[in-house]
Each structure stands twice: as structure tokens, then as C-alpha cells.
Amino acid sequence: MATALRRLGPCARMRQPLQNENIRCLTTRDHFGFECLPTQLVTKSLQKGFTFNILCVGETGIGKSTLINTLFNTNLKDSKSSHFYSNVGLKVKTYELLERNVPLKLTIVKTVGYGDQLSKEASYKPVVEYIDAQFELYLQEELKIKRSLADFHDSRIHVCLYFIAPTGHSLKTLDLITMKSIDSKVNIIPLIAKADALSKSDLQRFKSNVMRELISSGIRLYQFPAYDETSAQASASTDGLLPFAVVGSMEEVKVGKRMVRGRQYPWGVLQVENENHCDLVKLRDILLCTNMEDLKEQTHTYLYESYRSNKLQKLGFTDVGPDNQPVSFQELYKAKRQEFYDQCKKEEAELKQRFMQRVKEKEATFKDAEKELQDKFEHLKRVQQEEIIKLEEDRRKLEEEIVDFYKMKAAFEASQTQVCTNTKKDKDRKK
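Along each chain, residues carry numbers from 1 onward, in the same order as the chain's sequence is written. Residues qualify for local features only when their pLDDT is at least 70, as the model is predicted, and side-chain atom pairs are given and counted only at 80 or more; totals for whole chains, interfaces and linings, by contrast, use all residues. Think of the side-chain values as coming from all heavy atoms in the structure, minus any hydrogens and water.

A.B. asks: How do you make sense of unusual backbone geometry when you look at a structure like this?
C.D. replies: Negative phi is the rule for most residues except glycine; trans is the rule for most peptide bonds. For the bond from L242 to P243, the omega torsion is -10 degrees, close enough to zero to count as cis. By the secondary structure assignment, P243 is in the loop between helix 8 (229-239) and strand 6 (244-245). Of note, the phi angle at N73 is positive, near 50 degrees, even though the residue is not glycine. If you trace the backbone, N73 turns up in the loop between helix 4 (64-72) and strand 2 (89-99). Burial classification: accessible surface area is computed with a 1.4 Å probe over protein chains only, and a residue below 20% of its type maximum counts as buried, one above 50% as exposed, and the rest as partly exposed. Classification of N73 by relative accessible area gives exposed; the value is 53%. One non-glycine residue, R100, lies in positive phi territory at about 55 degrees. Note on placement: R100 falls in the loop between strand 2 and strand 3 (102-112). Here R100 falls in the exposed class, since its relative accessible area comes to 81%. Comment: elements are numbered from the N terminus, with helices defined as DSSP H or I runs of at least four residues and strands as E runs of at least two.

A.B. asks: I keep staring at the sheet that holds strand 8 (residues 258-265) and nothing clicks. Help me out?
C.D. replies: Backbone hydrogen bonds are what pair the strands of a sheet, in a parallel or an antiparallel way. Spatial ordering of the open sheet is given by 7-8-9, a layout of three strands whose pairing is antiparallel. Each edge of the open sheet is held by one strand with a lone partner, namely strand 7 (252-255) and strand 9 (268-271). The average angle at which neighbouring strand axes cross in this sheet is 70 degrees, direction not considered. Note: two strands are recorded as paired if DSSP finds a minimum of 2 bridges between them. Sheet topology note: the strand 8/strand 9 ladder contains four bridges and is antiparallel. Residue pairing for strand 9: Y265 is matched across the bridge by G268. A fitted line through C-alpha atoms represents every axis, and for helices the fit uses only the stretch in contact; the resulting angles, taken between N-to-C directions, go from 0 to 180 degrees.

A.B. asks: Help me out: how do you make sense of the pairing of strand 7 in this one?
C.D. replies: The side chains of a regular strand alternate between the sheet's two faces. Looking at chain direction, strand 7 and strand 8 are connected through four bridges and run antiparallel. Within the sheet, the bridge partner assigned to E252 lies in strand 8 and is R261. Where strand 7 folds back onto strand 8 in an antiparallel hairpin, the turn is made up of two residues, including G256, whose phi is positive at roughly 70 degrees.

A.B. asks: Help me understand helix 10 (residues 292-314) in this model?
C.D. replies: One less than the number of residues in a helix, times 1.5 Å, gives the span that helix is expected to have. Between its terminal C-alpha atoms helix 10 stretches 32 Å, which fits the 33 Å expected from 23 residues at 1.5 Å a residue. The largest bend in helix 10 is about 35 degrees, located at Y304. Three or more residues of helix 10 are buried, namely M292, D294, L295, K296, T299, L303, Y304, Y307 and L312. In this structure, the buried residues of helix 10 make contact with strand 1 (50-57), helix 5 (125-142), strand 4 (159-164) and helix 9 (280-290). Following helix 10 by one or two positions, G316 has its phi on the positive side, about 100 degrees. The bend at a residue is defined as the angle formed between two axes, one fitted to the seven residues ending at that residue and one fitted to the seven starting there. Note on contacts: a residue pair qualifies if any of its non-hydrogen atoms lie within 4.5 Å across the two residues.

A.B. asks: Please clarify how the packing of helix 5 against helix 10 should be interpreted in this entry.
C.D. replies: Geometry of a packed helix pair, given as the angle between the helix axes and the separation of the axes. Where helix 5 contacts helix 10, the axes come no closer than 10 Å and their chain directions differ by 80 degrees. The orientation of helix 5 relative to helix 10 falls into the category roughly perpendicular. Mapping the contact onto sequence places D132, F135, E136, Y138, L139 and E142 in helix 5 and T299, H300, L303, Y304, Y307, R308 and K311 in helix 10. Put simply, Ala, Val, Leu, Ile, Met, Phe, Trp, Tyr, Cys and Pro go in the nonpolar bin, Asp, Glu, Lys and Arg in the charged bin, and everything else, Gly too, in the polar bin. Taken together, the residues of the contact of helix 5 with helix 10 break down into six nonpolar, two polar and five charged. Put simply, angles under 35 degrees are roughly parallel, angles over 145 are roughly antiparallel, angles from 65 to 115 are roughly perpendicular, and the rest are oblique.

A.B. asks: What exactly am I supposed to notice about the packing of aromatic side chains here?
C.D. replies: The description of two aromatic rings rests on the distance between their centres and on the angle between their planes. Aromatic rings from Phe, Tyr and Trp, with only the six-membered ring used for Trp, were paired whenever their centres fell within 6.5 Å, and each pair was classed as stacked if the ring planes differed by under 30 degrees, edge-to-face if by over 60, and tilted otherwise. Throughout the structure, instances matching the rule amount to eight aromatic pairs. Summarising the aromatic geometry, the rings of Y114 and Y162 are spaced 6.4 Å apart at their centres and angled 85 degrees between planes, so their arrangement reads as edge-to-face. With Y114 in the loop between strand 3 and helix 5 and Y162 in strand 4, the pair connects residues that are 48 residues apart, well separated along the chain. On the accessibility criterion, Y114 (1% relative accessible area) is buried. For Y162, a relative accessible area of 0% puts it in the buried group.

A.B. asks: Could you clarify how one ought to interpret the nonpolar core in this entry?
C.D. replies: In a soluble, globular protein the nonpolar side chains are often hidden away together inside. If you look at the biggest cluster of nonpolar residues, it comprises 73 residues, and the most contacted ones within it are I54, L161, I189 and L283. Considering every element that reaches this core, the biggest residue donor is helix 5, with seven residues. Filtering out sequence-adjacent residues up to four positions away, I189 remains in contact with V159, C160, L161, Y162, Y222, F244, L283, I286 and L287. Working definition of a nonpolar core: buried Ala, Val, Leu, Ile, Met, Phe, Trp, Tyr and Cys residues. They are joined through side-chain atoms within 4.5 Å.

A.B. asks: Sorry if this is basic, but what is going on with the confidence of the model for the protein here?
C.D. replies: Caution applies to low-pLDDT regions: their predicted coordinates should not be interpreted in detail. Across the protein, the average pLDDT comes to 84, with 88% of residues at or above 70. For the protein, helix 1 (residues 2-8) is the element with the lowest average pLDDT, namely 40, and strand 4 is the one with the highest, namely 94. Scored from 0 to 100, pLDDT records how confident the predictor is in each individual residue. Long-range and interchain partners of residues 1-18, a stretch whose pLDDT sits below 50, account for 15 contacts in this model, where long-range means more than four residues apart.

A.B. asks: Just to check I follow, could you spell out the environment of Y85 for this structure?
C.D. replies: Position of Y85 relative to the elements: it lies in the loop between helix 4 and strand 2. A relative accessible area of 35% means that Y85 is categorised as partly exposed. Y85 sits 28 residues away from G113 along the chain, and the two C-alpha atoms are 5.4 Å apart. Apart from residues no more than four positions distant in its own chain, Y85 is found in contact with V112, G113 and Q117.

A.B. asks: Sorry if this is basic, but what is going on with the pattern of salt bridges here?
C.D. replies: A side chain of one charge can pair with a side chain of the opposite charge if their charged atoms are brought near each other. Think of a salt bridge as a Lys or Arg side-chain nitrogen and an Asp or Glu carboxyl oxygen that are within 4 Å of each other. Tallying each qualifying case throughout the model produces 20 salt bridges. Within the structure, one salt-bridge network assembled from shared partners comprises E142, E305 and R308.

The following block contains the structure:
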């Protein structure tokens, strides 16, 4: 019994009924049993690496690139965009980052020419189409017979940083339309860009106006997780800061005896990592330190699943049959295949019937055209015959006129000869 208890380990031994109080409980010095699972997961994750995809939506020159560089404390090389794009586009860049032996494949998707067109009706459509396209790529990979999801580059957007211009008044119509179009497809975190353009009182008033408009428009923002009482309080305090007022800068400015990242103004220095100046530190904490995995989980568990279920329902797939009984995918596939086959047969028969109808119509048209051409040919033939008869009559008359002419000519010549002969005889008699 003691040998069996020693094999079970100290934790298991505590759950066994102790018959002898003198049995010693030995403790292990190293990890023992399934408590090593977190270590295994950490090792595996470090070997595989992590991915994180960020969508930055905002006007040109509002500070998207500068903020991303500030968040990751690195200079991600990127070309500048102009204001002269005829349509809204997306610029996709992937970077390989390493921080304390933790590899991260970071994909940044930025809007180009957003809000620069005179007509802004379709400015949000490229953003929606891109998000749906990444969901579709993942869905197609899932539906393959030989899947390789472990090696598949997951390009689904995990978070959308929506940059709001610091107007100090309210949101633009384009902002509301865009966020309403994508709130069911991506986690949205609104940001007030270049928040140093507003005073503290104007900034707080602007935040209140923005949140009031978002709530009244029914736009769903990213909900910060609340696992326990502590995290619930942290999430509540974070929700009170929305939208985050951010300022980005990679420049180092001397403040006192230390160098800080910030912006130098005639009235002083704005420190981007000072929570009293802006919300950049709070944004970086929730984006990278505490909620990155939750953002990815929300994207996969809720947003992608919603897209996947809607797409399969549109294709006719369902989990239960007409009698509310579970239906296997194989049976449903066979039924859909038979339905598709019958539909193809029906459409083929309709196409054949339509083709035959069109052939008959064409034949009737050709026959009418042939009859019309035959009538024209007969008419031209009659006209030709009449012309030939007329020409023959004219030729006959002409020939008769020629004969009469030659007769008159012969008579004239004969009379002239007679006149000459008589004249000569008269001359001879006179002599």
C-alpha cells in the first residue's frame, strides 16, 4: 500500500484515506506530473512564434505609421502616401519582430486615400471586402481535404485601430458608416489621433461626444475581458478612457536629466509615455501586454464563427433536418450534391428547350429572309426580262432605221450620178 501511494505522488496521496497517521508525505523538488503543461505550451509557442494582425483605418496624414512605430518601439519602414488616390486602397506589410527571444509576425494593414475623394459613399467598401476576404481564405483552408492550418499564415484581422480626426466636435458620417459596417467583423478600438491638438477640457468633451454618438448608433466596440473582480475593475476603468487619446513620436527629447520620447513645443514637452499627457501607455498595455490573445480568441471564436456559419447557411448547410434531428455532414453533402445534380439537370433541360426555341425562331427568321430574297430575285428577274425585251425592240427599230438610211443613201447617190450624167450630156451637145 505504501509503495502504491509513493507511485501516485504527494498530491494523489493526500486524497487517499489515511489508515496510518505515521505515513510520511514526501515533497518533490522539481516539477512533477501535469503541472508541467504550461511550460510545454510556452516552449511550443516560442518555437512556433506568434502572429498579430492590425488594421489601421484613418485619413492620410493622421499619424497611423507614427503610432505603430511608437507602439512597437521600432522604425517599421514604410513609404509615405499621398492625397491624390482616385479610390480607397489598402497597404499590407508584414514584419518579423523579436523581443526577448519572443518572435512575432506582425501584419499591418493601412488604408490609403481614405476620405480623400469628393464622393465618400464607397470609401468603406474596400475595408469590408478585405476583412471578408481574409475570413474566406481561412474558411477555404479549413474546408480542404488535406489541411495545413499549422503552417497556414492566418491573415484574419485581430483588431482595428480606428483613427478619429481631432475636430473637437463630433464624428464624421464616414466614421459612423465605416464602423457600423465592420463592427460585426473585427474588434474595433477607437483612437483620437494627434490628441495634442486639443486642450484637456476640449478632449474630455470630445471623448464624451464620440462615445455618445457610438452608443446611439449601436456600434459595437471591443469589450475588454473580465475574468475576475480585479480584471473587471481594470476593464471598467479602461472603458472609461475610450476613445483613447494618443500621440505618437519616435523623437527623444531631454526633460530635466533624462531623455524621453515626446514632442517639443514652445510651451513645453509632451511625453508620449506619460499617462497624464496621453493614453498611449494604456493602449499599448491592453493591445500587447494583456489582451493580445483575447483579441485573437474573440476574432476566431465569435467574429470568424459568425462569418463561417452565415456563409455555410447561405450555401444551404444546416445542423438539423426538417424533423429537428441532427444531420451528419456526409448525409447533408449527399443531399446537397443530389439537389445540385437535379438542379443542373433542370437547368440543362431549360437551356436545351430555350436553345431549341431560339433555333426555331432563327429558322423562321431565316425562312422569311430567304422568301424575301427569293421575291426580290423574281422581281429583279422580271425587270431584267422586261429590259431585255425592250432592248431587243429598240435594236430592231434601230436596225430598220439603218436599212432605211442605207436605202436613202443609195437612192441619193443614184440621183446624184444621174444628175452628173445629164449635165455632161448637156455640155457635150452645146459643143
